[in-house]
Each structure stands twice: as structure tokens, then as C-alpha cells.
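# Structural features, examined
Here is what each chain is made of, one letter per residue.
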Amino acid sequence: MQGPVIKPGSTIGILGGGQLGRMMAMAAAQLGYRCIGYAPAGENVAADVCHDFFENGWGDKPALSAFASKCDVVTWEFENVPLSAVEMIPPQLLHPDPRALEVAQDRLKEKRFVEGLGGTPAPYAPVDSESEFRQAVERIGTPGILKTCREGYDGKGQWRLKSDRDLESVRFPGRSCVYEGYVPFDAEFSVILLRGLDGEIRFWDSPENRHEGGILIKSSVPASDHVAPHVDKARRLARKVAEALNYVGVLTLEFFATADGPVFNEMAPRVHNSGHWTIEGADTSQFENHIRAICGLPLGDCGMAAKHAAMTNLIGEQIFESPSILSDPHCHVHVYGKSEAREGRKMGHVTRLER
Ligand code: AMP
């Protein structure tokens, strides 16, 4: 299927106002597009670099219609945009297909969907009550993690059980959850896939990712030898996911590298933190290629532009180190412009290249 080419000079709508939207709008500007953002009132750092920005609620139908009427194509940078808001956008303007959001917004749906395509998630059980929680822990065992099905990110909405003794302190939180067995992994990595309007698929090199407390700390490419043997199989799964969803744009799948092969953790139907290294470290960044894909332009090469690239998040007060980091001439610093350097908040990132 070949869609229409959205020509430079046209307007791209972005649902969500965070740093991903900010970097997407910067890449779009380079190609000659104007971006209009839409997100509820808050610290919308994408607004600094957008031509216009709607600060309205997700339930504000007149505002969503007014936003859509100004756009030639609409995408999102935030996967928890309510489907009811996305449905206000005429479907012919939207990329990717909103079914990707529907699947990715619910951990249980996502796991079942990926399993249906032959992927292997961590052992899991749905949990909708305190007694189901106890049964799930009995069946799957500890260590494990109780995760809310919806709206958890960066370690939020997650409770870790190191041993059965933690059952004394962790309670069912009153919202649909999934209990997952802890996967003993050798490494974590992601597959960052790009699919064009015509169905062409490309991949960037898979970064190896290090998380602490559920937050991504560092992504490095090339990944270590722990990851390399798993990449082909993980890519095959990502390809099936993208094709099943008729996906257009950048799609990310996160995996654990284990002795039994790649174990699927979760997917993000959008550009992803583990792909920030592509801005300087790849021939074409994830942001530029997402814009190229949704506008029907030829896709850029995803090959590496350096021998090695390492992206480190600047979290909370680490952002204050950004000027001194620049004394290393191989470092590229990105500051997202958020006003409050709260603990655990992603404030910026730095990518160091070795050529
Ligand atoms: P998530 O928000 O589900 O991506 O979890 C964030 C991070 O927590 C992951 O990248 C892992 O480092 C860790 N984690 C989450 N689930 C599991 C699991 N089932 N087994 C081992 N580590 C996990």
C-alpha cells in the first residue's frame, strides 16, 4: 500500500508534548515541516520547538477537531494517549495505525498478542483481585513483579517481590495487573524497527540497555556478545508485530537475552529512549526516519555512523552536569528544557561516540 506523499511545508500533528515530541519536531523542521503539538496542560517541552501547541484535555473533542483540521498527518509520541482522543482524528491522517496503541496500552493484551505471533514473554498471570494475586505468586513463584496493566512507565505501577515474604507488604492495588516471574537475563536489548508506508522494513543496530529501578540508564551499540545471538530471532518477531499491525513509523520491542533465547518484555509503538543514540550515532536518526515514514518519503539508512555509541540518560540533578560533560569533545548533550530536576525524571541525555 502506497499512501500519499506529505510534502515539505505541510503540517505534522503530534499527540503528546514530551521530549520525544520535541526531538521529533526538531527532525521534522530539518525536513521542512511544521509541527503542531497537542497535550493536556503541563510541562510540554515539545511546545518550545513546535509552530503551535494545543494545551487541551484528551476529552476536549472540539479542540481535537480543531487540531486535526490544521494537520496534514498526525502521529503520537506518547503511548498512553486515550483511544477516545485518537478516534477524534480522521483515520486517513493517522500513522501508525491506532491498533498499535490499543495493544501496547495494556500489558496483558500486549503479551497475548505477541504470544499469538510466536513470541515468548516472561511467565505471567492476569491479576484482578487479592486472591488472584496470591494464586499467581503461588503458581509462578518469586522473585517476580506485579505490574499494572495500564499506564505504568519508568518503574511506576510496579511492585517487586524478592521472596514470598514480600507478600506481607505488597497488596493488590485495586487495578487490573499482571504478575510476572523474574527473568534471569544475561542482558537487555531492544529492537528498533522502521516500517514505511509501502511496507519496507529496516532495523537499527540493537542497543544493549541497562536499567536501574525500572528506569533506562544507558543504551550502547554495538551490544555485547550476550545480545548478538538473539537479535535475528527478536527481529523476526518485531517484523511480524509490525506487519500484523500494518505499522508505519518507528516501533520498539524490548527483550531479555537469556540462555533460552530472547524473552519479550514490552513494546512501544513510537520512537524510544533506547534509540536516542541514533541522532548522532546512525546515518539517519529514529526521529527523522519516523517523520520520513509517516510522510511517505524514502527511508534513510539505519546503519551506524560511528564504531561505538553510548547514550546515557541525565536523570534528575544529573542534568546540572551537562555543561561539564561537553568538555569531552566526543559527547553530544541534549537538554529537554524541563524546569524541575525531580528525582527519577528524565531531564536530558548524552551520547558519546567513538569513531
Ligand atoms: P518494564 O517497565 O516492564 O519495561 O520494566 C522495566 C525494567 O524492569 C526492565 O527493563 C527490566 O530491567 C526490569 N524488569 C521488568 N520486568 C522484568 C522481569 N519479568 N524479569 C526481570 N526483570 C524485569
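Residues numbered from 1 in each chain as written. Predicted model: local features only at pLDDT ≥ 70, side-chain atom pairs only at ≥ 80, totals over all residues. Heavy atoms only, no water.

## Describing the packing of helix H1 (residues 19-30) against helix H9 (residues 286-294)
- Contact pair H1 / H9: the axes reach a minimum separation of 8 Å and the direction vectors enclose 65°. When the axes of H1 and H9 are compared, the pair comes out roughly perpendicular. For the element pair H1 and H9, the recorded crossing hand is right-handed. Counted together, Leu-20, Met-23, Met-24, Ala-27, Ala-28 and Gln-30 of H1 and Phe-287, Glu-288, His-290 and Ile-291 of H9 form the full contact between these two elements.
- When its residues are assigned to classes, the contact of H1 with H9 shows seven nonpolar, two polar and one charged. (Axes fitted to C-alpha atoms, helices over the stretch in contact; angles between N-to-C directions. Helix = DSSP H or I, 4+ residues; strand = E, 2+ residues; numbered from the N terminus. Parallel < 35°, antiparallel > 145°, perpendicular 65-115°, else oblique. Left-handed = near helix turned anticlockwise from the far one by under 90°. Contact = heavy atoms within 4.5 Å. Nonpolar A, V, L, I, M, F, W, Y, C, P; charged D, E, K, R; others polar.)

## Things to note about the site of the ligand
- Close contacts around the ligand come from 16 residues, with Lys-147, Glu-180, Val-183, Glu-188 and Glu-266 the closest.
- In this structure, Arg-160 approaches the ligand through a side-chain N or O atom, which is 3.1 Å from an oxygen atom.
- Contact with the protein chains covers 96% of the free accessible surface of the ligand, which is 470 Å².
- Elements supplying a minimum of two residues to the shell around the ligand: strand E6 (144-148), strand E7 (158-161), strand E8 (177-181) and strand E14 (261-268).
- Among the residues making up the shell around the ligand, the classes are represented as five nonpolar, five polar and six charged.
- Looking at which domains feed residues into the shell around the ligand, each of domain 2 (123-181) and domain 3 (187-354) gives three or more. (Near = heavy atom within 4 Å. Polar contact = N/O pair within 3.5 Å; in protein donor to acceptor, adjacent residues only side chain to side chain. Areas by Shrake-Rupley, 256 points an atom, 1.4 Å probe, with all protein chains shown as cover. Domains from an automatic or database assignment.)

## Details of the environment of Val-86
- Within the fold, Val-86 resides in helix H3 (residues 83-86).
- Sequence separation between Val-86 and Phe-189 is 103 residues, and the spatial gap between their C-alpha atoms is 30 Å.
- Contacts of Val-86, omitting those with residues within four sequence positions, involve Leu-15, Val-81, Leu-94, Pro-98 and Leu-101.

## Quick word on the sheet that holds strand E2 (residues 34-39)
- Strand order across the open sheet formed by four strands is E3-E2-E1-E4, with parallel pairing between neighbours. Unpaired on one side and paired on the other, strand E3 (52-55) and strand E4 (73-76) mark the two borders of the sheet. Taken over all neighbouring pairs, the strand axes of this sheet differ in orientation by 20° on average, direction set aside.
- In the sheet, strand E1 (residues 11-15) pairs with E2 via five bridges, with the strands oriented parallel. Bridging from a neighbouring strand, Ile-12 pairs with Cys-35 of E2.
- In the packing of H1 onto the sheet, the strands contacted are E1, E2 and E4, and the crossing angle to E1 comes to about 170°.
- Running over the sheet, helix H2 (residues 61-69) touches E1, E2, E3 and E4 and is turned about 170° from E2. (Pairing = 2+ DSSP bridges.)

Keep in mind these values describe shape, not function.
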